[in-house]
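Examination of the molecular architecture
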Amino acid sequence: MADWPAGLARGWHPVAYPHELDDKPLAARLMDRPLVLFRGGEGIAILEDRCPHRNAPLSAGRIAGGLIECPYHGWKFDRLGRCRYVAGSREVAKHEVRSLAVREHAGLLWTTLADQPDAMPQLPPETADPGFDSFWWPLPPSRAAIGDAIENLVDPIHAYFLHPGLVRRSRETHAVEIDFTVEPAGASACYTEPKEGMTSLQRLTEGSRTVSWGRYRAPAQVQITFEDRQGVHASISVVFSPVSGEETRPFACFSTRRGRIPAWAKRMFIIAFHRRVLAQDLDMLKLQADQCERFGGRSYHQGPLDMFGPVIWAGLNGRPLEPARRYLRLTDQG
Ligand code: FES
Ligand SMILES: [Fe+2]
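Residues numbered from 1 in each chain as written. Chains lettered and ligands numbered in written order. Predicted model: local features only at pLDDT ≥ 70, side-chain atom pairs only at ≥ 80, totals over all residues.

Helix and strand counts for the chain come out as 6 helices and 20 strands. The C-alpha radius of gyration of the chain comes to 22 Å, within 12% of the 20 Å expected for a compact globule of 334 residues. Burial status across the chain gives 34% buried among its 334 residues. Residue pairs at least 24 apart in sequence account for 57% of intrachain contacts in the chain once pairs closer than 6 positions are excluded. (Helix = DSSP H or I, 4+ residues; strand = E, 2+ residues; numbered from the N terminus. Rg over C-alpha atoms; globule rule 2.2 N^0.38 Å. Buried ≥ 20, exposed ≤ 12 C-beta atoms within 10 Å, placed from the backbone. Contact = placed C-beta atoms within 7 Å.)

Right, dumping it as structure tokens:
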């Protein structure tokens, strides 16, 4: 199992949406640790997915009377991992399954592997603001190390190369003013750019966009925000969950300011658009992960526009960030 950076090891992480839990056990993984979630008698339980008897996966079992039943010899465990029944015996076993803390917070199910975890992360205000239509788009884990997945979302440059015609009009960069601020718990970049860099679709839907923001919050949150003259009109908030060393699950919430267009129509449009963008990102992240594997590890070097890279690295490792402010200008190559 990987040696996890301190900021992740101490943190709370989402592992599922409540709606994914029905009357069957649900397998999940967090930081290489196989977990099983189920609805127990007194609430949702998260246990290590390993029966203490002969190590069968409890997630392959079933729920009976609020207990989880192992598929191999039928031992049953409660939500705290205590053995409550041994099939064919009046005795119960003393051996317990490790149970983890579980919290339902901001529409997600969270847990932690730490004995003394950091505070529960707060999500950006738009995700719970009644003035916004918000929805979570459930996505499966993807092949990407968590730092690479975070950097991919918050990095502004790859959009010209990976998403021309979608997020950017073409591969040509346009003069963009970047105001980059580092705070103890994260960093943000404010982008002021000319309309020429936007796709016609963006000009239509974001006609009065003034600035956009990319924000990173340690250890594993990113928010992309678009503002117009009235303030935030759209945002994408993502909590990245470290599934394994090379797998990351994004929990993504899309928020748009309430208006005349019904929420369902915006949702359809957003998913149709982002499905294409996401496919391009996931293909590249997989290539990147495959490369790191082929070459036996990472050998990353920071370029002049990689402002977020070192900050993400420090945030994942639980290191406080040195407050700083930098102004950058993306040069016009059009
Ligand atoms: S392995 Fe679970 S009851 Fe035997
Ligand atoms: Fe992208």
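Further remarks concern the sheet that holds strand E7 (residues 76-77). Ordered by their spatial adjacency, 4 strands build an open sheet running E5-E6-E7-E8, and the pairing between neighbours is antiparallel. Two strands in the sheet have a free side with no partner beyond their single neighbour: strand E5 (62-64) and strand E8 (83-85). In this sheet, E8 lies alongside E7 in antiparallel orientation, the contact comprising 2 bridges. Within the sheet, the bridge partner assigned to Phe77 lies in E8 and is Cys83. (Pairing = 2+ DSSP bridges.)

Further remarks concern the sheet that holds strand E4 (residues 43-48). The strand order E2-E3-E4-E9 describes an open sheet built from 4 strands, whose pairing is antiparallel. The outermost strands of the open sheet, each flanked by one partner alone, are strand E2 (26-30) and strand E9 (99-100). Direction of pairing for E2 relative to strand E3 (residues 33-40): antiparallel, over a ladder of 5 bridges. In the sheet register, Ala27 faces E3, and the bridge partner there is Val36.

If you look at the biggest cluster of nonpolar residues, it comprises 56 residues, and the most contacted ones within it are Leu35, Leu37, Leu47, Ile150 and Tyr216. In this view, Tyr216 contacts Ile150, Val154, Gly186, Ala187, Val222, Phe308, Val311, Ile312 and Gly315; residues no more than four positions away in its chain are not counted. (Core = buried A, V, L, I, M, F, W, Y, C linked by C-beta atoms within 7 Å.)

Once that is clear, we can look at the domain arrangement of the chain. Taken domain by domain, the chain holds domain 1 (6-111) and domain 2 (125-330). On the domain 2 side, the residues contacting the 16 residues of domain 1 number 18 residues. Secondary-structure elements contributing two or more residues to the side of domain 1 that touches domain 2 are helix H1 (6-9), strand E1 (13-16) and E2. Per-class residue counts for the side of domain 1 that touches domain 2 are 9 nonpolar, 4 polar and 3 charged. (Domains from an automatic or database assignment. Nonpolar A, V, L, I, M, F, W, Y, C, P; charged D, E, K, R; others polar.)

The next point concerns helix H6 (residues 308-316). Every buried residue of H6 is listed here: Phe308, Val311, Ile312, Gly315 and Leu316. When H6 is viewed along its axis, its buried side chains cluster within an angular range of 130 degrees and face the same direction. Tucked into the core, H6 has its buried residues touching H1, helix H2 (146-154), strand E14 (176-183), strand E15 (186-192) and strand E16 (211-217). (Arc of directions from axis to C-beta.)

The end-to-end C-alpha separation of helix H5 (residues 263-294) is 44 Å, in line with the 46 Å expected for 32 residues at 1.5 Å each. Where H5 bends most, the angle comes to about 25 degrees, and this point is Arg275. The inward-facing, buried residues of H5 contact strand E12 (132-138), strand E13 (142-143), H2, helix H3 (158-162) and strand E19 (247-257). In the segment just after H5, Gly296 is the residue with positive phi, at about 70 degrees. (Expected span 1.5 Å × (residues − 1). Bend = angle between axes of the 7 residues up to and from the residue.)

Next up on the list: the pairing of strand E11 (residues 108-111). Burial along E11 is two-sided: the residues Leu108 and Trp110 and Leu109 and Thr111 are all buried. With 3 bridges joining them, E1 and E11 adopt antiparallel strand pairing. Residue Ala16 lies in a different strand from E11, and its bridge partner there is Leu109. Joining the antiparallel neighbours strand E10 (residues 103-105) and E11 is a turn of 2 residues, in which Ala106 adopts a positive phi near 55 degrees.

So, about the pairing of E19. Counted residue by residue, E19 has 8 buried out of 11 residues, so it is predominantly covered. Note that E12 and E19 share 7 bridges and pair antiparallel. Counted as the bridge partner of Trp136 is Cys253 from E19. As defined by bridge partners, E13 adjoins E19 across 2 bridges and the pair is classed as antiparallel. In the strand pairing of E19, Ser142 is matched with Thr248. Here strand E18 (residues 231-244) runs beside E19; their pairing, made up of 10 bridges, is antiparallel. Considered in E19, the bridge of Ser241 is made with Arg249. In this antiparallel pair of consecutive strands, E18 and E19, the connection spans 2 residues.

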